[in-house]
Amino acid sequence: MNYQTLTGLTALAATLTVSTAASATPSVNSIQPNVSVASQQLIAQSLGQASFYGNQPGEGGPLTANGERYNPGGYTAAHKTLPFGTRVRVTSPNTGRSVVVRINDRGPFVGGRIIDLSVGAARAIGLTNYGVGTVRMDILGGGEGRRQGRHHR
């Protein structure tokens, strides 16, 4: 094998290695640092009624079910079964606006509702104008169970 052929084969192998690595899909268990919520893959989707709860932003609240202090201005929510820490994109079809919230509480405990938003999250999608409204809930993942549950609302 002459020098030119060897150089050409080496360059071809390097190109194939780089292009294969760039197009590879990471495994489910791989750790991906600095991945934005917007780029996370949709796990599940549902449509239903949402409400909001809590004090006005700036006023401290009680402890949530995972032990955190409720922050009315934060982007958090209550759900009956999703693990604490799960990220959920909530979209209002009425306003077209969405917000990504983190599940840190349990509820809602009113029939027919699928999620209970903090005041800040409800305000972000225009739900505070209505109190209760239809939303699309896109579960993005990330439920790492930040803290153990202490109590239920």
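Heads up: these notes are all about the structure in this document. (Residues numbered from 1 in each chain as written. Predicted model: local features only at pLDDT ≥ 70, side-chain atom pairs only at ≥ 80, totals over all residues. Heavy atoms only, no water.)

## A look at the packing of aromatic side chains
Then comes step 1: Enumeration according to the criterion identifies 1 aromatic pair in this entry.
Then comes step 2: With a centroid separation of 5.0 Å and 25° between ring planes, the pair formed by Y53 and Y70 is classed as stacked. Of this pair, Y53 sits in strand β1 (residues 44-53) while Y70 sits in the loop between β1 and β2 (76-78), and the two are 17 residues apart along the sequence. Grouping residues by exposure puts Y53 and Y70 together as buried.
Then comes step 3: Sitting above the plane of the F84 ring, R106 keeps its charged end 4.2 Å from the centroid. (Phe/Tyr/Trp six-rings, centres within 6.5 Å; stacked < 30°, edge-to-face > 60°. Helix = DSSP H or I, 4+ residues; strand = E, 2+ residues; numbered from the N terminus. Buried < 20%, exposed > 50% of the residue type's maximum accessible area, 1.4 Å probe, protein only. Lys NZ or Arg CZ within 6 Å of the ring centre and 35° of its normal.)

## Here we look at the sheet that holds β2
Then comes step 1: With mixed pairing, 6 strands are arranged side by side around a closed barrel as β1-β5-β2-β4-β3-β6. Adjacent strand axes in the sheet meet at a mean angle of 45° when their direction is disregarded.
Then comes step 2: Here 5 bridges tie β1 to strand β5 (residues 113-118), and the two strands are oriented parallel to one another. The partner of F52 across the bridge, within β5, is L117. (Pairing = 2+ DSSP bridges. Axes fitted to C-alpha atoms, helices over the stretch in contact; angles between N-to-C directions.)

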